[in-house]
Amino acid sequence: MASLAAAAAGLRELVPDQRYGRVVAVRGALIEVEGLSGVAQIGSRVNVATPVGPLEAEVTGLDRGIAHCLPFSEPQGIATGARAQLRASQFALRPSGGWLGRMVDGLGRPIDGLGPLEQGEVLRRIKALPPPASARARVGKRLSTGVRALDIFAPLCRGQRLGLFAGSGVGKSVLLSMLARWTDCDVAVIGLIGERGREVQEFVQDDLGEEGLARSVVVVATSDEPALMRRQAAWTTLAVAEHFRDQGLNVLCLMDSVTRFAMAQREIGLASGEPPATKGYTPTVFAELPRLLERAGPGLPGQGSITGLFTVLVDGDDHNEPVADAVRGILDGHVVITRQIAERGRYPAIDVLKSVSRTLPHALEEDENRLRLQARRELSTFRDMEEMVRLGAYRMGTSPDVDRAVALAPQIEELLRQGRKDRGFAHESFAALKLLLDGPAPHEHGVLQ
């Protein structure tokens, strides 16, 4: 009787319905597992046995009884015949307010050495659907970003999604840190996707600072991590933002960068046998981009909102490359950061003539719109004549419009110049612009910046 009781107790402790397979091949990062036919699904988690412990992987493809799996870490120590245990069908998180001020990886595990994370009550899938288009609220009122070029020429509204398009090394990360510190929001969720490892602590300690970190959750997947972890970190960033949105908070979601998410999805697609399409990007890249980006925006009535700022690293400064072109069509506006302006020493190097906010003109007051359009005209006229002025081919007095633009454009450019600690305020920015544009007619042309 005692042996039967012990056996019954042992049976009760077993986890029901465990399924196992065996590794039959390892091709680069791709692990092929057989024996899971009929139970493995796309997105299922698999633990592969190795001499140093289980290696967590995800099913990314299915082919004639073979499950194609990609690992969340380097696939070291795997041997053919190794046991692969099927785990949960989909990965989920339990975010909570205790995550504020913390840094986590793509799987929601703490990486800041501050101990375990407080777990919330609600289980949230990392890959969720956006709110129904017919039910979600509309974009809210204008937000002050603290960046004068944005507040004047490409205003950001609550629940809007804006793209920051830039090449490498033109001040994109610094601009992102300014927005993280100064934008009016309750909570900031920051996804550093494919970032350089050495820059993470610099961003958190120097750019974000203690005050910014206290209201933020930072999700990190550095460039050396597997593609699956980089993609996972982007989904986790949106899942954490959705948690705070559902609590009625206004969330600022910053992601740097969407391009590296697309590159990770390309690696996963190619490893799973997808055909390469435009510039090597697989079809699922362009299917996943809207599924990711549409999760940001206004929530349902009574909920909060997710204001999204997503950076796009344009390949070779080509703003029409496939990822940039696809993202520009999804988001509610785009801000272009150019190398030419950065080389002149004006930061943030935002090209206001190429930047568009789709909440205009309703985001600004009537007088503010008048000033914005007038400033754009002056800058546009000056850009058309800039080379002639520089070469001395234009004679002052030939055209009153050009004379005015030559005098005002450098002053407008100077107004837009900001350091990383020089916070702007929208009402002050428009007051300064009004003083420039509505002041006495200038008679002397300015100096090119």
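No experiment lies behind these values; they were computed from the predicted model shown.

**Q** How would you explain the state of the cysteines if you had to name every residue and give the values?
**A** Taken as a whole, this structure holds zero disulfides when the rule is applied. Here C157 stays unpaired: no disulfide links it, and the sulfur of C185, its closest cysteine neighbor, is 15 Å away.

**Q** Any details on the layout of surface pockets? Residues and values, ideally.
**A** One number sums up the size of the largest pocket: a volume of about 430 Å³. Along its surface, the largest pocket is lined by 26 residues, and Q340, I341, R344, D351 and R383 are the ones closest to its centre. Elements supplying a minimum of two residues to the lining of the largest pocket: β18 (333-337), α9 (339-343), α10 (366-391) and α11 (400-416). Of all the elements, α10 adds the most residues to the lining of the largest pocket, at five residues. Tallied by class, residues from the lining of the largest pocket come to eleven nonpolar, five polar and ten charged. Space inside the second largest pocket adds up to approximately 360 Å³. In terms of lining, the second largest pocket is formed by 22 residues, of which the most central are I42, E58, K127, R231 and E288. Mapped onto the lining of the second largest pocket, the elements with two or more residues apiece are β4 (55-63), α5 (227-246), α6 (258-271) and α7 (283-293).

**Q** Summarise unusual backbone geometry; cite the residues concerned and give the values.
**A** In this model, D256 is joined to S257 through a cis peptide bond whose omega is 10 degrees. Residue Y347 is joined to P348 through a cis peptide bond whose omega torsion reads -10 degrees. A positive phi is found at R64, a non-glycine position, where the angle reads about 50 degrees. Mapped onto the elements of the fold, R64 is located in the loop between β4 and β5 (66-71). Here R64 falls in the exposed class, since its relative accessible area comes to 80%.

Cut-offs applied
Residues numbered from 1 in each chain as written. Predicted model: local features only at pLDDT ≥ 70, side-chain atom pairs only at ≥ 80, totals over all residues. Heavy atoms only, no water. Disulfide = S-S within 2.5 Å. 1 Å grid on protein atoms, 1.4 Å probe; cavity = no way out; pocket = protein on both sides within 12 Å on 5 of 7 lines; lining within 4 Å. Points joined across faces, edges and corners; volume = space filled by probe spheres on them. Helix = DSSP H or I, 4+ residues; strand = E, 2+ residues; numbered from the N terminus. Nonpolar A, V, L, I, M, F, W, Y, C, P; charged D, E, K, R; others polar. Buried < 20%, exposed > 50% of the residue type's maximum accessible area, 1.4 Å probe, protein only.

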